[in-house]
Structure formats: C-alpha cells, structure tokens
Amino acid sequence: MFEEASEVLENMLKWSFPLSLVLFLVLVCPLRAEAAHEFSVYRMQQYDLQGQTYGSRNAILNTEARTVEAEVLSRRCVMMRLADFSFEKYQKALRQSAGAVVIILPQNMSTMPQDIVQQFMELEPELLATETIVPVYFALEDEELLSIYTQTQMSSSSQGSSSAAEVLLHTATANGFQMVTSGAQSKAVSDWAITSLEGRLTGAGGEDLPTIVLVAHYDSFGVAPWLSYGADSNGSGVAILLELARLFSRLYSYKRTHAGYNLLFFLSGGGKFNYQGTKRWLEDNLDHTDSSLLQDNVAFVLCLDTLGNSDNLHLHVSKPPKEGSPQHTLLKELETVAAHQHPELKFSMVHKKINLADDTLAWEHERFGIRRLPAFTLSHLESHRSPARHSIMDMRSVSSSLEGAGEATAGPHVDLTKLSRNTKVIAETLARVIYNLTEKGASGDLEIFTEQMQVQEDQLMSLVDWLTAQPRAAQLLDKDSSIVNTLEYYLNRYLKDVKRHLVRADKRDPEFVFYDQLKQTMNAYRVKPAIFDLLLAACIASYLGVLYLAVQHFGLLYGFLRRVTAPRVKQH
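A quick note: this is a predicted structure, and the numbers were derived from the prediction, not measured.

Student: Can you tell me about the overall build of the protein, naming the residues and giving the values?
Tutor: Of the regular secondary structure elements, the protein holds 15 helices and 18 strands. In the protein, which comprises 572 residues, the share counted as buried stands at 50%. In the protein, once contacts between residues fewer than 6 apart in sequence are set aside, the share between residues at least 24 apart is 81%. Taken as a whole, the protein presents about 27,400 Å² of accessible surface, with 53% of it coming from carbon and sulfur.

Student: Break down the sheet that holds strand β17 (residues 512–514) for me, with residues and values.
Tutor: Read across the open sheet, the three strands follow the order β3-β2-β17; overall the sheet is antiparallel. If you trace the sheet from one side to the other, it starts and ends with β3 (52–55) and β17, each paired once. The sheet shows a mean angle of 15° between the axes of neighbouring strands, taken without regard to direction. Across three bridges, strand β2 (residues 46–49) lies against β17 in antiparallel orientation. Its bridge partner being in β17, Tyr-47 is matched across the sheet by Phe-514.

Student: Which residues make up the side chain of Thr-132, and what values do they have?
Tutor: Turning to its location among the elements, Thr-132 is positioned in the loop between α3 (114–129) and β7 (136–140). Aside from chain neighbours lying at most four places away, what touches Thr-132 is Gly-55, Ser-56, Arg-57, Tyr-90 and Leu-94.

Student: I'd like a description of helix α8 (residues 326–341), backed by residues and values.
Tutor: For an α-helix, 3.6 residues make a turn, and residues three or four places apart therefore share a direction. With 16 residues, α8 ought to run about 22 Å at 1.5 Å a step, and its terminal C-alpha atoms sit 22 Å apart, in line with that. Those residues of α8 lying buried are Gln-327, His-328, Leu-330, Leu-331, Glu-333, Leu-334, Val-337, Ala-338 and Gln-341. Against the buried residues of α8 lie β12 (298–304), β13 (312–317), β14 (346–351), β15 (375–379) and α11 (416–434).

Student: Please provide a residue-by-residue account of the environment of Leu-476, values included.
Tutor: Examined against the element boundaries, Leu-476 turns out to sit in the loop between α12 (457–467) and α13 (482–494). A residue is classified by how much of its surface remains accessible, and Leu-476, at 22% relative accessible area, is partly exposed. Considering only alpha carbons, one finds Leu-476 and Asp-219, 257 residues apart in sequence, at a separation of 9.4 Å.

Student: Explain the pairing of strand β4 (residues 62–67) residue by residue, including any values.
Tutor: As paired elements, β4 and strand β8 (residues 176–181) share three bridges and run antiparallel to each other. Residue pairing across strands places Thr-63 opposite Met-179, the latter belonging to β8. Looking at chain direction, β4 and strand β5 (residues 77–81) are connected through three bridges and run parallel. Paired with Thr-67 across the bridge in β5 is Met-79.

Student: For the sheet that holds strand β16 (residues 496–504), give the residues involved together with the corresponding values.
Tutor: Sheet architecture is open: eight strands sit in the order β14-β13-β15-β12-β10-β11-β9-β16, paired in mixed fashion. Each edge of the open sheet carries a strand with a single partner, namely β14 and β16. Direction aside, neighbouring strands of the sheet carry axes that sit 20° apart on average. The pairing of strand β10 (residues 211–217) with strand β11 (residues 262–268) spans seven bridges and is parallel. If you follow His-217 over to β11, its bridge partner there is Ser-268.

Student: Break down the packing of aromatic side chains for me, with residues and values.
Tutor: Under the criterion given, the structure shown has 15 aromatic pairs. When the centroid spacing of 5.3 Å and the interplanar angle of 40° are considered together, the rings of Phe-512 and Phe-514 count as tilted. For the residue pair Phe-512 and Phe-514, the accessibility class agrees, reading buried in each case. Stacked on the ring of Tyr-490, the Lys or Arg Arg-493 has its end atom at 5.6 Å from the ring centre. Lying over the aromatic face of Trp-226, Lys-519 brings its terminal NZ or CZ to 4.8 Å of the ring centre.

Student: Any chance you could break down the packing of helix α6 (residues 231–252) against α13 for me, citing the residues and the numbers?
Tutor: Following both chains from N to C, one finds α6 and α13 inclined at 20°, their axes separated by 8 Å at the closest point. For the element pair α6 / α13, the angle class is roughly parallel. Residues Val-238, Leu-242, Ala-245, Arg-246 and Ser-249 of α6 pack against Leu-487, Tyr-490, Leu-491 and Tyr-494 of α13. Residue composition of the contact of α6 with α13, grouped by class: seven nonpolar, one polar and one charged.

Student: Mind laying out α11, listing which residues take part and the relevant values?
Tutor: When the terminal C-alpha atoms of α11 are compared, their 27 Å separation across 19 residues agrees well with the 27 Å that a helix rising 1.5 Å per residue should span. By the criterion of burial, α11 is predominantly enclosed, with 17 of the 19 residues buried. The N-terminus of α11 is capped by Asp-415, whose side-chain oxygen sits 3.0 Å from the backbone nitrogen of Thr-417.

Student: An account of the side chain of Thr-67 is needed here, citing residue identities and associated values.
Tutor: Note that Thr-67 resides in strand β4. According to the relative accessible area criterion, Thr-67 is buried, its value standing at 0%. Side chain to side chain, Thr-67 and Glu-69 meet in a polar contact 2.6 Å long.

Student: Give a description of the packing of α8 against α11 that names residues and reports values.
Tutor: Where α8 meets α11, the axes come as close as 9 Å, and the angle between the chain directions of the two elements is 130°. Compared by their axis directions, α8 and α11 come out oblique. In terms of crossing hand, the pair formed by α8 and α11 is right-handed. For the pair formed by α8 and α11, the contact residues are Thr-329, Leu-330, Glu-333, Leu-334, Thr-336, Val-337 and Gln-341 on the first element and Lys-424, Val-425, Glu-428, Thr-429, Arg-432 and Val-433 on the second. In terms of residue class, the contact of α8 with α11 is made up of five nonpolar, four polar and four charged.

Student: An account of the layout of surface pockets is needed here, citing residue identities and associated values.
Tutor: Quantified by volume, the largest pocket comes out at close to 770 Å³. Together, 27 residues line the largest pocket, and Pro-125, Thr-360, Leu-361, His-384 and His-390 are the ones closest to its centre. Elements that contribute at least two residues to the lining of the largest pocket include exactly β2 and α3. Sorting elements by how many residues they give to the lining of the largest pocket places α3 first, with six residues. Considering only residue class, the lining of the largest pocket consists of 12 nonpolar, seven polar and eight charged.

Student: How would you sum up unusual backbone geometry? Please name residues and give values.
Tutor: A cis geometry characterises the amide bond from Ser-233 onward to Asn-234, with omega recorded as 5°. Relative to the assigned elements, Asn-234 resides in helix α6. Its identity as a non-glycine residue notwithstanding, Asn-274 has a phi of 65°, on the positive side. For Asn-274, a relative accessible area of 5% translates into the label buried. In this structure, Gln-517 is a non-glycine residue whose phi angle is positive, near 60°. Relative to the helices and strands, Gln-517 resides in the loop between β17 and β18 (519–527).

Conventions adopted
Residues numbered from 1 in each chain as written. Predicted model: local features only at pLDDT ≥ 70, side-chain atom pairs only at ≥ 80, totals over all residues. Heavy atoms only, no water. Helix = DSSP H or I, 4+ residues; strand = E, 2+ residues; numbered from the N terminus. Buried < 20%, exposed > 50% of the residue type's maximum accessible area, 1.4 Å probe, protein only. Contact = heavy atoms within 4.5 Å. Areas by Shrake-Rupley, 256 points an atom, 1.4 Å probe, with all protein chains shown as cover. Pairing = 2+ DSSP bridges. Axes fitted to C-alpha atoms, helices over the stretch in contact; angles between N-to-C directions. Expected span 1.5 Å × (residues − 1). Phe/Tyr/Trp six-rings, centres within 6.5 Å; stacked < 30°, edge-to-face > 60°. Lys NZ or Arg CZ within 6 Å of the ring centre and 35° of its normal. Parallel < 35°, antiparallel > 145°, perpendicular 65-115°, else oblique. Nonpolar A, V, L, I, M, F, W, Y, C, P; charged D, E, K, R; others polar. Polar contact = N/O pair within 3.5 Å; in protein donor to acceptor, adjacent residues only side chain to side chain. Left-handed = near helix turned anticlockwise from the far one by under 90°. 1 Å grid on protein atoms, 1.4 Å probe; cavity = no way out; pocket = protein on both sides within 12 Å on 5 of 7 lines; lining within 4 Å. Points joined across faces, edges and corners; volume = space filled by probe spheres on them.

On their own, these measurements won't tell you what the molecule is for.
Below, the structure is given as structure tokens:
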C-alpha cells in the first residue's frame, strides 16, 4: 500500500513539475513596473549661435532614478532639488556619465530663500556654457514628484551603509523608479523666422525732420525656454514702449501738440540671441532700401531694457555724447526730470566701449552704434552681466504682501509703482526734448503727463501680466504666435505704417540654430531592482527543489519521520 502511494505521487510530480514551475512563477512574481506618475519636464536650452554650441544636446531619457548622494551615477537619472542644487553636484553627475539630470523647482519661487535663488541665477550662464550630451530637464514640484524624490533619496543614501548585507537587503526590497520621456531625439528646426515689429508717428512741419527711435526686445531668456517668462527683462521694457506709444499718439493727434519729430517704435525679436532682429532691421533699412527714416536725420536711439524695479536708473552709452548734440540734450533732460520730479531716483551715465571680440554684444544700443547711429540703453541695471537679464527666476508672480511691504523678494520681479515712475520719467524726458522745453524756459518740475494724460498704472499692470502669462523664448514665438499678433494689434491701435520684419538664418552659414523637443512628458515607473527578481527566483527554485526531493525520496523521508515520531519503549 505504501509503495503504491509513493509511486503515484512520484509520477504525478515528474509530469507536472515543469508546468507547475512556470505557472507558479507567473502567478507569484509581481509585474516588473507599474505607472507611478506622469509630469511635464522642460529641457535645458539647446541652440547654436555664431558657430558656438550651447546647452544640452540630447533629449531621450530612459533610465533608473538616483539622487546625487548615490556613489554610482553612471547611466542613471540624477534628481536634484533646487534647495540642494550646486554646480559641483551638477559637475559630479556629468563626470560620472549620468544618463540624465532632472532639477526639481518649487511651484512658487517666492517661497525660496533669496540667497538660493541668487545662487542659481548666477549658475545659469555656467550651465549653458557647459555643453553636454546629457539630457538636462527641469520639473515643477508636486506631492507625487516629491514622494518619488524622497524614496529615491532613501534608496541612494543606503548605498553608503557599512554592511554589505544591509546594502544587499535594502537593494532587494526597495522600490526604484524608471524615468522615461515620451518624445523623440531633438533636431534642428529649419526655416525658423524671428519676427520684429515697427510702427511710427510722423512729425509735423516738413520732410527732413529729426527722428527719435524707441526700441525694446520682447523675447525672454533663461536656462529652460519653457520656463522663461522675462518679467523685468524685458517685459518691463515692452510695457513702457507700448505705454509711450499710447501717450505720444494722443499728443500727436492734436495740432497744438504735434511735434516736429518723427517717433519710430521698434519691438525687436531675437534680442537674447545677440539682437538678431535689430541686426536684420538695420540691414533692411540702411543697406537694402533708398528710403528710410534711419537713413535721414536720426536724433538718437533709446533702447529700453529691464526697467521694472529699483531706484537706480543708468544710461548706458558706447560713446559719451558731445555737448550741444541731441544725445547730450537727452542726457541733461533725464538728469533734470530725475532731480526735480523724482529726487528718490539715482540717475547716472555708464560708459562702455563696444567690444567686437566678445561673442555677444552687451546691450542693444551697440547694434546701432556699430552702424554709426547715436544710441543709448536705459536700464536700472548697472552692468550687462547681471544674472537678472537671463534667468528663469525673472517672473511676475510675487506675493503682493511682500511687494507692498517693501521686503526683499526671491529673484527679480516687477514693482508696478517703480515701473510706472520710470515710464513717467522717460515720457517727461522725451516731451522736454521734442518740445524743446528747457530752451523755452520751462522749469524742471513742469509735468506734461498729468490728469487725463497721465501714465496709467492699470494699463502697465495689464501689459506686464499678459506678457508674463506665457514664456516668450525666441524658440517658442514663430511669426504666427499669439504674442506677436497681439503686439502687432496693439501697435496698430496707436501708430501708423506698422510692419513686420522677419529674419531667417542663412542655410549655408547660419548665425543661429534652434532645436525642438524643449517640452516633454516624463513617466516615472515604479520598479523593483533586478536583484529582487533573482532572489525571488532563487527562493522559488529552492522551495520546488526541496519539494521534488521530498517526493522522490518519500520512502526514506517517511521512514525517518516514523523513527523520529515512534514512541519509545521503556526498558525494565
């Protein structure tokens, strides 16, 4: 009886063992990965400018996440939070051939300490100057992404444990995350057009009238195009130019106040890429046409750049103006208005020669200076190297309580009171120049723009809010973009002869090249490490092996168990 039962069990197991093993593995083993989180990521700048390459040259990401604390970062997606970010940690990831870098930014930058924001702003140019094939992305923090980062950080930190057994156990049981982007590899965008806009107010009293040119570039710049809102640089300059167009169009609509100056307004594109729009506009007007206001009697060109904050105002010049020239008159009128109407404002002139050996020009007025047109740039920044001009931290979203209290806020921002004051200073100065008020004996505290003609702060606020509602990086604004169309509509409300000027890169020797795949969707898949699968398979195989041996040698096992469990006979 016993032998028959043993033989039946043995035959059953021999035939069913392979199938049982397969079914057991399928049923017991967990899925390799499950979707954990999906979020948008914004890639670092990638562009070529005058033959030089900048930024991250890769866009594809499919690798396991680690934080920078891990000892091995090779072929891993290194995650860093802004609060813990440093250039040394970034360089460590690149040196170890990381598969990608993801920098997590807070949803509200105003909550960050100012020293951290300032440090990152200063690092942005270095990040771009360090060309890399590693994909570098930025993501906005949310609860799920923060949870992924925390779990990844715990897993990465455990790798430094002193016990190898602890590391092995933690590695086998910890959850990991596979980071995967949904887009394709980046490629150059062909036939991209940068759009600039021009409009004018024609002066009264003859044909050969002097012309004053007012210029502001409308595009923004930062380490990631989709995060570049450019509130102060140069949303403030654009808002002032549009308000000046409104104010002077009203003055020019009345015969009494129709001045003997042509006013030419120019919104330039590609300003953050060595002022490509301005360069082409000058070529079109000076080299490719016989009739242009720029070829005749240009009194001066005034470029507006970063004017939304501070109690400082600097007039940047490449050549100090000669006494008696229209440029000198502008300088003196600026000093007069600042001293008599706004004594809290500190005004100064900053002289810097044009350095053609630099890769890029310092200020937009230098484009005009190269073509021998008298030009200035007005800004609250003393130096063109200020990190506030090229930062993703330059945003409109600032706590109103902080702004009203006058407290230091994180990063550059627009103070509407100071923006309105600077607009009035420029408007009053231009009015004193074109109406020759000083020579007519007008006092320095005479104000033109008051009551119904006053600067409208609500209008400026609406313009700044609209300009900073979406990123304005040059790579995102084609000739049909809503921003360009709205700017053109606004100019048409107040100016005459509004025109578009397009600049496309030369196909044989392009001055600039833009690339796509700047915004993607990233998926974080929860995964177990490969060693977990190996250990699980080993445990299953051991269990089935023991079971198989037990059935194969059931007689021996049964006899052993009988001897162990048999009652002992007492000996008398």
